[in-house]
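Residue strings, one per chain:
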Amino acid sequence: MQITSNSIPKKVGFSAVFNDFKQLTKVGLSLSVVFSSVAGYLLAVTTINIITILMLAIGGYLMVGASNAFNQIIEKDTDALMKRTKNRPLPAGRMHVSTAMVIAVSFTILGLAILYSINAKSALFGAISIFLYTSVYTPLKSVTPLSVFVGAFPGAIPFMLGWVAATNHFSIEAGILFLIQFLWQFPHFWAIAWLQFDEYKKAGFNLMPMGKKNKKAVIQIIIYIVCLTLVSIIPVFKITGNFYIYPVTAVVLVALGGKMLFYAIKLYKFQTDKHARQLMLSSVLYITLIQIIYVVDKFLH
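Owing to the predicted nature of the structure, the values given are computational and were not obtained by experimental measurement.

(A) The overall build of the protein chain, seen in detail. Looking only at helices and strands, the protein chain features 13 helices and 0 strands. The order of α-helices and β-strands along the protein chain, N terminus first, is α-α-α-α-α-α-α-α-α-α-α-α-α. Its C-alpha radius of gyration of 21 Å places the protein chain within 12% of the 19 Å reference for a compact globule of 301 residues. Projected onto the principal axes, the alpha-carbon positions of the protein chain cover approximately 80 × 50 × 30 Å.

If you want it as structure tokens, here you go:
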């Protein structure tokens, strides 16, 4: 009997399996959450505990990885409809749903256990984040653009989580960190939703405010950028407990917000994907730099 090459089972290499694992848990996004959490921790402490930082980083990574895995399990069929997501391991058929579920549940249990070993409040906020992202935000995406508002809550937890991990309590300082990352979600995600509008439409998602790519949507983006910039400099007035910044730092943050605002105004004027992409990239730069600037400012006190 002649054996064709098609009848020979293909061996799946470790690199391919590992790549699917990274896609399922969205390593890049998970690492950005770890970065935010560690920044929040550094803002709160007077003495750095490396063990706590490692536990926070690992626990935070597992928490976000679990959320992403659950999300892709739920959205397996809709992911198959979009060019951007159809090659993910589940819709492409390279991974079984049961395998993804084992990873998601294991990450949840292990991640929350690690956060609990830091303190109970850290584990509580981690659990709230996973629940809101998978059980509320993800199902709402196909129902209403208000899902972006719901999704902003779990998305805003990491920065604040670091402070809670360091202090074991939720305070005005943790609240302002939460609010900063909460407000940031809207211009960032709506810029992505603008770029992926047609792709999202294929999957039945309409995530733009009021469901349209138009100037009214960009006005909302501009409002959130202005609010974000104003909130980011509130610590300069020394009304946020132990979290305060120098006036020169506030000027730098206003300049960063101004750059985002510049691209948002360009988007309002021209309504092109080019300017939406510039806005999206500037928002990533903003949230990264603001965390670094806050930490540097803190250690200059």
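(B) How the structure looks around helix 1 (residues 14-25). Relative to the 16 Å expected for 12 residues at 1.5 Å per residue, helix 1 spans 16 Å between its end C-alpha atoms, a close match to the ideal helical length. Close packing links the buried residues of helix 1 with helix 2 (27-44), helix 3 (50-74) and helix 5 (97-118). Following helix 1 by one or two positions, Lys26 adopts a phi angle in the positive range, close to 50 degrees.

(C) Molecular detail of unusual backbone geometry. For Lys26, which is not glycine, the phi dihedral falls at a positive 50 degrees. Relative to the elements of secondary structure, Lys26 occurs in the loop between helix 1 and helix 2. Given a relative accessible area of 22%, Lys26 falls into the partly exposed group.

(D) Molecular detail of the packing of helix 12 (residues 247-270) against helix 13 (residues 273-300). Helix 13 packs onto helix 12 with a crossing angle of 170 degrees between their chain directions and a minimal axis gap of 9 Å. Considered as vectors, helix 12 and helix 13 are oriented roughly antiparallel to each other. Considering only residue class, the contact of helix 12 with helix 13 consists of 16 nonpolar, 6 polar and 3 charged.

(E) Spotlight on the packing of aromatic side chains. As enumerated under the stated definition, the model contains 20 aromatic pairs in all. Ring centres 6.4 Å apart and planes at 35 degrees place the aromatic pair Phe149 and Phe186 in the tilted group. In this pair, Phe149 sits in helix 7 (residues 147-155) while Phe186 sits in helix 9 (residues 172-195), placing the two residues 37 residues apart along the sequence. Overall, the relative accessible area of 38% leaves Phe149 in the partly exposed class. On the numbers, 6.5 Å between centres and 20 degrees between planes, the contact of Phe159 with Tyr294 is stacked.

(F) Quick look at the side chain of Thr25. Along the polypeptide, Thr25 turns up in helix 1. In contact with Thr25, other than residues within four places in its own chain, are Ser30, Tyr61, Gly65, Asn68, Ile103 and Phe107.

(G) Focus on the nonpolar core. One finds Leu43, Phe243, Leu253, Leu279 and Tyr294 to be the most contacted residues of the largest nonpolar core, which totals 94 residues. Among the elements that line this core, the one with the most residues is helix 9, at 15 residues. In this structure, Phe243 is in contact with Leu43, Trp163, Glu173, Ile176, Leu177, Pro235 and Tyr294, ignoring residues within four places of it in sequence.

(H) Just the environment of Gln220, in detail. With respect to the element layout, Gln220 can be found in helix 11 (residues 215-232). With a relative accessible area of 25%, Gln220 lands in the partly exposed category. Placed 33 residues apart in sequence, Gln220 and Pro187 show a C-alpha to C-alpha distance of 8.3 Å. Non-local contacts of Gln220, meaning those with residues more than four positions away in its chain, are made with Trp190, Pro209 and Met210.

(I) Structural detail: a nonpolar patch on the surface. Taken together, the side chains of Phe35, Tyr246, Val248, Val252, Ile292, Val296 and Leu300 present a nonpolar region at the surface, about 620 Å² in accessible area. Mapped onto the nonpolar patch, the elements with two or more residues apiece are helix 12 and helix 13. The dominant element in the nonpolar patch, judged by the number of residues it contributes, is helix 13, at 3 residues. Mapping Leu300 onto the fold places it in helix 13.

(J) Highlighting the pattern of salt bridges. Counting across every chain of the model gives 6 salt bridges. Salt-bridge contacts for Lys76 lead to Asp77; the nearest nitrogen and oxygen are separated by 3.2 Å. The exposure class assigned to Asp77 is exposed, which follows from its relative accessible area of 57%. Across the pair Lys202 and Glu199 runs a salt bridge, and its minimum N-O distance is 2.8 Å. Placement of both Lys202 and Glu199 in helix 10 (residues 197-202) is noted, with a separation of 3 residues, approximately one turn of the helix.

So, how was this worked out
Residues numbered from 1 in each chain as written. Predicted model: local features only at pLDDT ≥ 70, side-chain atom pairs only at ≥ 80, totals over all residues. Heavy atoms only, no water. Helix = DSSP H or I, 4+ residues; strand = E, 2+ residues; numbered from the N terminus. Rg over C-alpha atoms; globule rule 2.2 N^0.38 Å. Expected span 1.5 Å × (residues − 1). Contact = heavy atoms within 4.5 Å. Buried < 20%, exposed > 50% of the residue type's maximum accessible area, 1.4 Å probe, protein only. Axes fitted to C-alpha atoms, helices over the stretch in contact; angles between N-to-C directions. Parallel < 35°, antiparallel > 145°, perpendicular 65-115°, else oblique. Nonpolar A, V, L, I, M, F, W, Y, C, P; charged D, E, K, R; others polar. Phe/Tyr/Trp six-rings, centres within 6.5 Å; stacked < 30°, edge-to-face > 60°. Core = buried A, V, L, I, M, F, W, Y, C linked by side-chain atoms within 4.5 Å. Patch = residues over 30% accessible without salt bridge, like charges linked within 9 Å, V, L, I, M, F, W, Y side chains within 5 Å. Areas by Shrake-Rupley, 256 points an atom, 1.4 Å probe, with all protein chains shown as cover. Salt bridge = Lys/Arg side-chain N within 4 Å of Asp/Glu carboxyl O.

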